[in-house]
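Coordinates in review
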Amino acid sequence: MVLKLHGLSVSTNTARVVACLHEKDVDFQLVPVDLFARGNKEPSFLAKNPFGQIPVLEDGDITLFESRAISSYIAEKFKETGTDLIRHESFSEAALVKVWTEVESQQYHPAICPIIYEFFGKPVQGLEPDQAVIDANLEKLEKVLDVYEAKLSSTKYLAGDFYSLADLHHFPYTFYFMKTPLGSVISDRPHVKAWWDDITARPALKKVAEVMAGIKVHGTAMSTAAARVLATLYEKEVEFELVPIDMRAGEHKKDSFLALNPFGQVPAFEDGDLQLFESRAITQYIAHEYASKGTPLIVPDSKKMAILSVWTEVEAHKFDPAASKLSYELAIKPLLGMVTDFAVVEEFEAKLGTVLDVYEKRLGQSKYLGGDCFSLADLHHLPTTQYLMGTQAKKLFECRPNVSAWVADITARPAWTKFICQTIHISTVMAGIKVHGTVFSTAAARVLATLYEKEVEFELVPIDMKAGEHKKESFLALNPFGQVPAFEDGDLQLFESRAITQYIAHEYASKGTPLIVPDSKKMAILSVWTEVEAHKFDPAASKLSYELAIKPLLGMVTDFAVVEEFEAKLGTVLDVYEKRLGQSKYLGGDCFSLADLHHLPTTQYLMGTQAKKLFECRPNVSAWVADITARPAWTKVLAMRAH
């Protein structure tokens, strides 16, 4: 029976096991676990590993987790094949292998792992790397490497003059580490460098390295262009990593993304050292490079391929210009709180209808546009068509029987269904968390900051308060008081920002920053200060914010008598804060919590007014404000405002 390894090729822990399997020349099946869709948290996976982590190995009736335990099992079970990784014929050599595998686990790994997370893990989550964490752990790593340098000056490998698990276990994290600007700490130590060069030249590890470099798609599943690429990867059954790009926060215009796509549009694509942009060029590459995998999306016959190419060109230059314009007017604008231009809709429905008349005739001659088999020519239509089938424009497809049958066929494909299910799951945009409001509202900003701290995805549904949208029946059904924000998480509907933040902090306690504490006494103290914010700080601060920040924006005259009155009231509150913050770093204790977060939106407004003096003249308060307003999650909220 072939071994089954549940994991992902780009995962360091999975790669550790895969490297061992290759060294032992053991056949295995890699069963992909979709971490982005939380496949590792499904009951079927948790039955294999209750910690919900990859990899998991199934060998007949035995199921194992923990990568080092798995690699040891493989090395022992298959000790007679491939490379001897445990030196089973020599008790003393086997003991030394165990010593240095422990060193890797207890000394090397704790130092290098946080560095890899900062460089590779955080950007995937939309977080900024913490240089202090990198520096602290780099110092620890260098001390470990000094020991390695001394050891490797006397033996070729860590456990002796033989390659073993002790060396192999270092490979995955070091592989990623060498892709950071810090690789010199390896290359500057000659014996360590020679060791690294030696093990990375091994055929088994070369195989692993090729896969670890992996495919990355930088974008959002809600983009039609990115969806085109993702659908192709699903059809070809090729593993990939979706690197989320927060377009609301302008991440697609940052230098790091522009280095991948100079036009600042999603998607950008990486396959090892190859970088591409333009979705149709990417799909063509995938279809050719991975021709032997999954669904054939191109054909080897040159004449048939020429016909297929005609229809991919038709999609790009005839279908898409009209379909994309309609999609924007009928599907995207309503999501953004914008008004659909029905004159434009009428114009482009006529244009798309003309194109679909040609399609109707073509699809009367063949099942698919490029011939009798599904191909890129059909796939390229999927993302925009999917949007349009949820609008009035679906009539253009449904009134043409051949086109209607074709749409029903291609949208029912397993790969596209998988993409849709993934999109619904990932993007809380279609069925998960929705915050109805405006980022300029202090109450809505309080909720957004909490979601960013908890690293929970959400959709901000803009509410145009100038147009009175918060007083319309559709919004009042969510919040009967007609105030922003309103909040949805699946079938749960909430209003009142502090109630919403409490829910998020509890419901998503295991994610992101802990904003509450499990200890009942500490939680009671934290609750005191959340109440103080709501009933002491906010009444004065909100009044000042309105007079000093909001009124000028609305062209109204500030009432300085009111300002004077509420500056005195806020000053009294801040005197208490000054004393409290002399006892602990944050209001609720020594860790940032909801008690601090709740202050952010109003404080941010006040720091741009004359009232900032109230904070700056109190050193403990001033340091606290500087600390909490510099948090990456809050910076994201401010970026949304700027964007």
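Look a little higher up for the structure.
Remember, it's a predicted structure, so these values are computed and weren't measured experimentally. (Residues numbered from 1 in each chain as written. Predicted model: local features only at pLDDT ≥ 70, side-chain atom pairs only at ≥ 80, totals over all residues. Heavy atoms only, no water.)

Structural notes on the packing of aromatic side chains
- By the definition in use, this model includes 24 aromatic pairs.
- Ring pairs connect the aromatic residues Phe120, Phe171, Phe175, Tyr176 and Trp196, which therefore count as one cluster.
- The ring centre of phenylalanine 162 lies 4.3 Å from the NZ or CZ of arginine 87, which sits over that ring.
- Above the plane of the ring of tyrosine 163 lies arginine 202, whose end atom (NZ or CZ) is 3.8 Å from the centre. (Phe/Tyr/Trp six-rings, centres within 6.5 Å; stacked < 30°, edge-to-face > 60°. Lys NZ or Arg CZ within 6 Å of the ring centre and 35° of its normal.)

Some thoughts on the sheet that holds strand S1 (residues 3-7)
- The strand order across the open sheet formed by 4 strands is S2-S1-S3-S4, and the pairing between neighbours is mixed. Every interior strand has two partners, whereas the edge strands, strand S2 (28-32) and strand S4 (62-65), have only one. For this sheet, the mean angle separating the axes of adjacent strands, direction not counted, is 20 degrees.
- Inspection of the sheet shows strand S3 (residues 56-59) paired to S4 by 4 bridges, in the antiparallel sense. Across the sheet, the residue bridging to leucine 57 is leucine 64, located in S4. (Pairing = 2+ DSSP bridges. Helix = DSSP H or I, 4+ residues; strand = E, 2+ residues; numbered from the N terminus. Axes fitted to C-alpha atoms, helices over the stretch in contact; angles between N-to-C directions.)

Overview of the side chain of serine 593
- Locating serine 593 in the fold gives a position in the loop between helix H25 (560-580) and helix H26 (594-597).
- When its relative accessible area of 3% is taken as the criterion, serine 593 is described as buried.
- Ignoring sequence-local partners within four residues, the contact set of serine 593 consists of Leu515, Leu526 and Gly588. (Buried < 20%, exposed > 50% of the residue type's maximum accessible area, 1.4 Å probe, protein only. Contact = heavy atoms within 4.5 Å.)

Things to note about unusual backbone geometry
- Isoleucine 54 connects to proline 55 through a cis peptide bond whose omega is 5 degrees.
- Locating proline 55 in the fold gives a position in the loop between helix H2 (43-46) and S3.
- For the bond from valine 484 to proline 485, the omega torsion is 5 degrees, close enough to zero to count as cis.
- In this structure, proline 485 sits in the loop between helix H22 (473-476) and strand S11 (486-489).
- Phi at glutamate 66 is positive, roughly 75 degrees, even though this residue is not glycine.
- Position of glutamate 66 among the secondary structure elements: in the loop between S4 and helix H3 (67-77).

Examining helix H11 (residues 224-236)
- The terminal C-alpha atoms of H11 lie 18 Å apart, and with 13 residues this matches the ideal 18 Å at 1.5 Å per residue to within 8%.
- For H11, the tally of buried residues reaches 12 of 13 residues, placing the bulk of the element in the interior.
- Sitting at the amino-terminal end of H11 is serine 223, which places a side-chain oxygen 3.2 Å from the backbone nitrogen of alanine 225.
- Glutamate 237 sits one or two residues past H11 and shows a positive phi near 55 degrees. (Expected span 1.5 Å × (residues − 1). Polar contact = N/O pair within 3.5 Å; in protein donor to acceptor, adjacent residues only side chain to side chain.)

Remarks on the packing of H25 against helix H29 (residues 619-629)
- Between H25 and H29, the shortest axis-to-axis distance is 7 Å and the interhelical angle comes to 85 degrees. Relative to H29, the element H25 is oriented roughly perpendicular. Contacts between H25 and H29 pair Leu574, Tyr577 and Glu578 from the former with Pro619, Asn620, Val621 and Trp624 from the latter.
- Here the residues of the contact of H25 with H29 are counted per class, giving 5 nonpolar, 1 polar and 1 charged. (Parallel < 35°, antiparallel > 145°, perpendicular 65-115°, else oblique. Nonpolar A, V, L, I, M, F, W, Y, C, P; charged D, E, K, R; others polar.)

Topic: the nonpolar core
- Formed by 56 residues in total, the largest nonpolar core has its most connected members in Tyr148 and Phe177.
- By residue number, the principal contributor to this core is helix H4 (residues 91-124), which donates 8 residues.
- For phenylalanine 177, the residues in contact, after removing those within four places along its chain, are Ile112, Ile115, Ile116, Leu138, Leu141, Leu182, Gly183, Val185 and Ile186. (Core = buried A, V, L, I, M, F, W, Y, C linked by side-chain atoms within 4.5 Å.)

Side note on a nonpolar patch on the surface
- A contiguous nonpolar surface patch, about 420 Å² in accessible area, is contributed by Tyr546, Leu553, Leu554 and Met556.
- Checked against the element boundaries, methionine 556 lands in the loop between helix H24 (520-553) and H25. (Patch = residues over 30% accessible without salt bridge, like charges linked within 9 Å, V, L, I, M, F, W, Y side chains within 5 Å. Areas by Shrake-Rupley, 256 points an atom, 1.4 Å probe, with all protein chains shown as cover. Salt bridge = Lys/Arg side-chain N within 4 Å of Asp/Glu carboxyl O.)

Brief notes about the sheet that holds strand S8 (residues 274-277)
- With mixed pairing, the 4 strands of this open sheet are ordered in space as S6-S5-S7-S8. Looking along the sheet, the strands with just one partner apiece sit at the ends: strand S6 (241-244) and S8. Going across the sheet, the axis of each strand differs from the next one's by a mean of 20 degrees, ignoring polarity.
- Here strand S7 (residues 268-271) pairs with S8 via 4 bridges, running antiparallel. The residue bridging aspartate 271 from the neighbouring strand is leucine 274, located in S8.
- Across the sheet, H11 lies against strand S5 (215-219), S6 and S7, angled at about 155 degrees from S5, the strand it touches most.
- Seen against the sheet, helix H13 (residues 279-289) touches S7 and S8 and runs at an angle of roughly 135 degrees to S8.

Looking at the pairing of S3
- The pairing of S1 with S3 spans 3 bridges and is classified as antiparallel. The residue of S3 that forms the bridge with histidine 6 is valine 56.
- Hairpin remark: S3 followed by S4, antiparallel, with 2 residues in the connecting loop; positive phi at glycine 60, about 65 degrees.

Points about the pattern of salt bridges
- Under the definition given, this model contains 29 salt bridges.
- Between glutamate 104 and arginine 68 there is a salt bridge whose closest N-O contact spans 2.8 Å. Placement of glutamate 104 in helix H4 and of arginine 68 in helix H3 is noted, with a sequence separation of 36 residues between them.
- For arginine 68, a relative accessible area of 21% corresponds to the partly exposed category.
- Two residues, arginine 446 and glutamate 533, come together in a salt bridge whose shortest N-O distance is 3.7 Å. Highlighted residues: arginine 446 in helix H21 (residues 442-453) and glutamate 533 in helix H24, separated in sequence by 87 residues.
- The network of salt bridges with common partners includes Arg228, Arg280, Glu315 and Asp320.

Remarks on the packing of H21 against helix H23 (residues 497-507)
- Across the interface, H21 lies against H23 with an axial gap of 9 Å and an inter-helix angle of 5 degrees. As summarised for this structure, H21 and H23 are arranged roughly parallel, according to the angle between their axes. Of the residues in H23, those in contact with Ala443, Arg446, Val447, Thr450 and Leu451 of H21 are Ser497, Arg498, Ile500, Thr501 and Ile504.
- Grouping the constituent residues of the contact of H21 with H23 by class yields 5 nonpolar, 3 polar and 2 charged.

Considerations on the pairing of S6
- As defined by bridge partners, S5 adjoins S6 across 4 bridges and the pair is classed as parallel. Bridged to glycine 219 within S6 is proline 244.
- Taken together, S5, H11 and S6 form a β-α-β motif whose crossover is right-handed. (Right-handed = clockwise from strand over helix to strand, strands pointing away.)

A look at the environment of cysteine 20
- Note that cysteine 20 resides in helix H1 (residues 12-23).
- Distance from cysteine 20 to glutamine 502, taken between C-alpha atoms, is 46 Å for residues 482 residues apart in sequence.
- In this view, cysteine 20 contacts Ser71, Ile74, Ala75, Leu85, Leu165 and Leu168; residues no more than four positions away in its chain are not counted.

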